[in-house]
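What follows is each chain in one-letter form.
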Amino acid sequence: MPGKSYDLVLKNGTVVLPDQTVMTDIFVHDGRIVQIGGTGNAQRTLQCDGLTILPGVIDTQVHFREPGPGDAEDLESGSRAAVLGGVTGVFEMPNTRPPTDTPDAVTDKLARARGRMWCEHAFYVGATTDNAEQCGELEKLPGTAGIKIFMGSSTGSLLVSDDRILERVLRSGSRRVAIHAEDEDRLLERVNHRVAGDPSSHPVWRDEETAMRATQRIVALARKTGRRIHVLHVTTPAELEFLAANKDIASCEVTPQHLTLAAEEAYPELGTLAQMNPPIRNRAARDGLWHWMGQGVPDIIGSDHAPHTITAKERSYPDSPSGMPGVQTLLPLMLDHVAHGRLTLRKVVDMTSAGPQRLFGLVRKGRIAVGYDADFSIVDPQARWEIRQDWLASRCGWSPFVGRTLTGRPVGTIIRGNTVMWEGELPGKAIGQPFRFDATDRPPTVK
């Protein structure tokens, strides 16, 4: 209605709507989008001339290491890095110390997040041999993103590698289960393929068959139990070809790291900083991921943000830990890939906003539409800039992408109508709240 008063108007931005991209204004009241286009008065005006307004980017795989020592990351520093990179929400993983595998552990994480996390958040619960039958109850806890299974050993103590236990987990509950798919038996068989002091042997040890074997096993168990699964950080074209034939029951994720780095350059240039699980593979594998991206097979992009201190990463391989930070560079890297014609901006939106909402049943998130939360990632798609050390907010203090020049830069992060980040500054305070999900949400009753 002309003349109506709003809390906030985002003016003159190029807005990526569900069905079109247009230059228009967005009006916000009480933290939600109430009008797109038209006129009205607002208490605050955010001028977005020359900028593109995306639905809030959601990173569905981060490791913020809390509870734990806190030397590499915690919930505050990790979420601060997220909003500086234009990310409005995260799903955080359970391989903490102690692990997130009980109701009390989830309650503890939600308490730790309150008033400290800059972005919206949800926490995965780790499946174990001991809680396999309780997973159906654990996934219903408010603030949980669902159940996470580690089929292969990685950072932390969570591991479920036996098919009988995996089947018990899949039979307990109904939400989509997230999977780290590496075959533990093959990892143990091939451990001697690691070469001391040579991180380029990491993908030789954790080879493509290690990933493929686990993915085939978990899809077979998903079919047997009728349970939907989500295969994380897929690194091989063969897996994506296989998953393309199983889209009715299995969704999947790729990471910016695996789409950007290749073993031939990464290990000589970065050494153990390039070490992660599953590993950075060769150019042929990377190019194969892009082929299947073009076929529409990967559903979402997640960063697998997994920081370690530089001191730990500088240990000689294989004593060096696997994992690299990525939440702050997820959107910049994907904007750069857009600028180089590898995918469209609308595809990025689908894989980082609409996709997470669609797969996991997020309430009022994932699109710019009336009635949805006013979460926006505002970017300058033409800006050329260099990733510098002093821009990084992760406590670990490093990134494999420092020194890289990119096209496309996050300018602002808006969460429920609050300007959390603008031009690299954090003008307010940490206001992140737990995500709500269809599977756990209890709408208010009408009296």
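Keep in mind that this is a model prediction, so the values were computed, not measured.

Turning our eyes to something else, we now look at empty space enclosed by the protein. Inspection of the entire model under this criterion finds four cavities of 30 Å³ or more. There is about 70 Å³ of room inside the second largest cavity. If you go around the second largest cavity, the residues you meet are A81, H305, P325, G326, V327, Q328, T329, L392, S394, W398 and S399. Counting the residues that make up the lining of the second largest cavity, at least three belong to each of domain 1 (6-53 + 370-422) and domain 2 (57-360).

Let's shift gears to the environment of C48. Along the chain, C48 falls in the loop between β4 (41-47) and β5 (52-55). Judged by relative accessible area, C48 falls into the buried class, the value being 0%. Here the alpha-carbon distance between C48 and V379, two residues 331 residues apart in the chain, equals 9.3 Å. Look past the residues within four positions of C48 in its chain and what remains in contact with it is L10, K11, N12, G13, I53 and I378.

One widely used convention gives an interface's size as the accessible area the parts lose upon coming together. Annotation of the protein chain at the domain level lists domain 1 (6-53 + 370-422) and domain 2 (57-360). Here domain 1 and domain 2 have C-alpha centroids that lie 26 Å from each other. Each partner contributes residues to the interface: domain 1 has 36 residues there, and domain 2 has 43 residues. Between domain 1 and domain 2, the buried area comes to about 3,100 Å², and carbon and sulfur atoms account for 65% of it.

All told, the structure shown has 34 salt bridges when counted by the stated rule. For D108, the salt bridge is made with R112, and the minimal N-O distance between the two is 2.7 Å. Note that D108 and R112 are positioned in helix α2 (residues 103-113) at a spacing of four residues, about one turn of the helix. In this structure, E167 and R171 form a salt bridge, with 3.0 Å as the shortest nitrogen-oxygen distance. In this pair, E167 and R171 both sit in helix α4 (residues 163-171), four residues apart, roughly one turn of the helix. Residue classification places E167 among the buried positions, given a relative accessible area of 17%. Within the structure, one salt-bridge network assembled from shared partners comprises E66, D74, D108, R112, R116 and R395.

The strand order β6-β7-β8-β9-β10-β11-β12-β13 describes an open sheet built from eight strands, whose pairing is parallel. On the outer flanks of this sheet lie β6 (57-62) and β13 (300-301), each paired with one strand and no other. Relative to strand β9 (residues 144-150), strand β8 (residues 120-126) is paired through four bridges, and the arrangement is parallel. Bridged to Y124 within β9 is G146. Most of the contacts of helix α7 (residues 208-225) go to strand β11 (residues 229-231), to which it runs at about 170 degrees, and overall it touches β10 (177-180), β11 and β12 (250-254).

The subject of this paragraph is the packing of aromatic side chains. The final tally for this structure, using the stated rule, is seven aromatic pairs. A ring pair is formed by F91 and F435, whose centres lie 5.7 Å apart and whose planes are at 80 degrees; its orientation type is edge-to-face. One end of the pair, F91, is in strand β7 (residues 87-92); the other, F435, is in the segment after β16 (418-422), with 344 residues separating them in the sequence. Given the relative accessible area of 0%, F91 is considered buried. Through successive ring pairs, a cluster of aromatic residues spans F91, Y124, F360, F435 and F437. Above the plane of the ring of W205 lies R194, whose end atom (NZ or CZ) is 4.9 Å from the centre.

What counts and what doesn't
Residues numbered from 1 in each chain as written. Predicted model: local features only at pLDDT ≥ 70, side-chain atom pairs only at ≥ 80, totals over all residues. Heavy atoms only, no water. 1 Å grid on protein atoms, 1.4 Å probe; cavity = no way out; pocket = protein on both sides within 12 Å on 5 of 7 lines; lining within 4 Å. Points joined across faces, edges and corners; volume = space filled by probe spheres on them. Domains from an automatic or database assignment. Helix = DSSP H or I, 4+ residues; strand = E, 2+ residues; numbered from the N terminus. Buried < 20%, exposed > 50% of the residue type's maximum accessible area, 1.4 Å probe, protein only. Contact = heavy atoms within 4.5 Å. Buried area = accessible area lost by both parts, 1.4 Å probe. Salt bridge = Lys/Arg side-chain N within 4 Å of Asp/Glu carboxyl O. Pairing = 2+ DSSP bridges. Axes fitted to C-alpha atoms, helices over the stretch in contact; angles between N-to-C directions. Phe/Tyr/Trp six-rings, centres within 6.5 Å; stacked < 30°, edge-to-face > 60°. Lys NZ or Arg CZ within 6 Å of the ring centre and 35° of its normal.

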